[in-house]
Amino acid sequence: IQINEILYLESDNTYTKFYLENNNTVLSTKNIGFYELELIEEPFLRVHNSFMVNFNKVTKYVRADDGYLILHNKKAIKVSRNRKDEMLSFFKQVRY
């Protein structure tokens, strides 16, 4: 998988699902915490216990309903309250 093909990752217990631009998914036997460390140098951020997002694929942040991100494929990803401040800071860094 190429990094720029990944839209987001979703935790599935001890597995991780990769959602790709071509609408395919890839299932990994590693948990999302592993990829959080592996992708630390990339524009990825864990925004929820269940989701990690490629910020190059984010089109906007919506504050309504406790906050969520919209990806360029129109997928909405919930941002947890605990990760909101970190996400906003990261979003500004990636955008500028």
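Bear in mind the structure is a predicted one, so any value in this text is a computation, not a measurement.

Draft legend 1. Region of the structure containing the overall build of the chain. Scanning the chain from terminus to terminus reveals 2 helices and 8 strands. Counted from the first residue to the last, the chain has its helices and strands arranged as β-β-β-α-β-β-β-β-β-α. Structurally, the chain occupies a C-alpha span of about 35 × 25 × 25 Å along its principal axes. In the chain, which comprises 96 residues, the share counted as buried stands at 40%. Taking as baseline every contact in the chain between residues at least 6 positions apart, the subset at least 24 positions apart corresponds to 37%. When the accessible surface of the chain is totalled, it reaches about 6,100 Å², and 43% of it is carbon and sulfur. When the 14 positive and 12 negative side-chain charges of the chain are each reduced to one mean point, those points stand 7 Å apart.

Draft legend 2. Just the side chain of Asn54, in detail. For Asn54, the location among the structural elements is in strand β5 (residues 51-54). On the basis of relative accessible area, Asn54 is assigned to the buried category, the value being 1%. Only 3.0 Å separates the side chain of Asn54 from the backbone nitrogen of Asn56, close enough to count as a polar contact. Among all residues touching Asn54, those that are not within four sequence positions of it are Ile3, Ile6, Leu7, Pro43 and Phe44.

Draft legend 3. The arrangement of the environment of Leu20 in detail. Within the secondary structure layout, Leu20 lies in strand β2 (residues 15-20). In this structure the C-alpha to C-alpha distance between Leu20 and Tyr8, which are 12 residues apart in sequence, comes to 7.4 Å. Leu20 has contacts with Ile1, Glu5, Ile6, Leu7 and Val26, leaving out every residue within four places of it along the chain.

Draft legend 4. Structural view of the pattern of salt bridges. Applying the stated criterion across every chain yields a total of 4 salt bridges. Ionic pairing is found between Glu36 and Arg46, a salt bridge with its closest N-O pair at 2.9 Å. Here the residue Glu36 occupies a position in helix α1 (residues 32-38), and Arg46 occupies one in strand β4 (residues 44-48), the gap between them amounting to 10 residues. A salt bridge links Glu36 to Arg83, with the shortest nitrogen-to-oxygen separation between them at 3.9 Å.

Cut-offs and rules
- Residues numbered from 1 in each chain as written.
- Predicted model: local features only at pLDDT ≥ 70, side-chain atom pairs only at ≥ 80, totals over all residues.
- Heavy atoms only, no water.
- Helix = DSSP H or I, 4+ residues; strand = E, 2+ residues; numbered from the N terminus.
- Buried < 20%, exposed > 50% of the residue type's maximum accessible area, 1.4 Å probe, protein only.
- Contact = heavy atoms within 4.5 Å.
- Areas by Shrake-Rupley, 256 points an atom, 1.4 Å probe, with all protein chains shown as cover.
- Lys, Arg positive; Asp, Glu negative; His and termini not counted.
- Charge placed at Lys NZ, Arg CZ, Asp CG, Glu CD.
- Polar contact = N/O pair within 3.5 Å; in protein donor to acceptor, adjacent residues only side chain to side chain.
- Salt bridge = Lys/Arg side-chain N within 4 Å of Asp/Glu carboxyl O.

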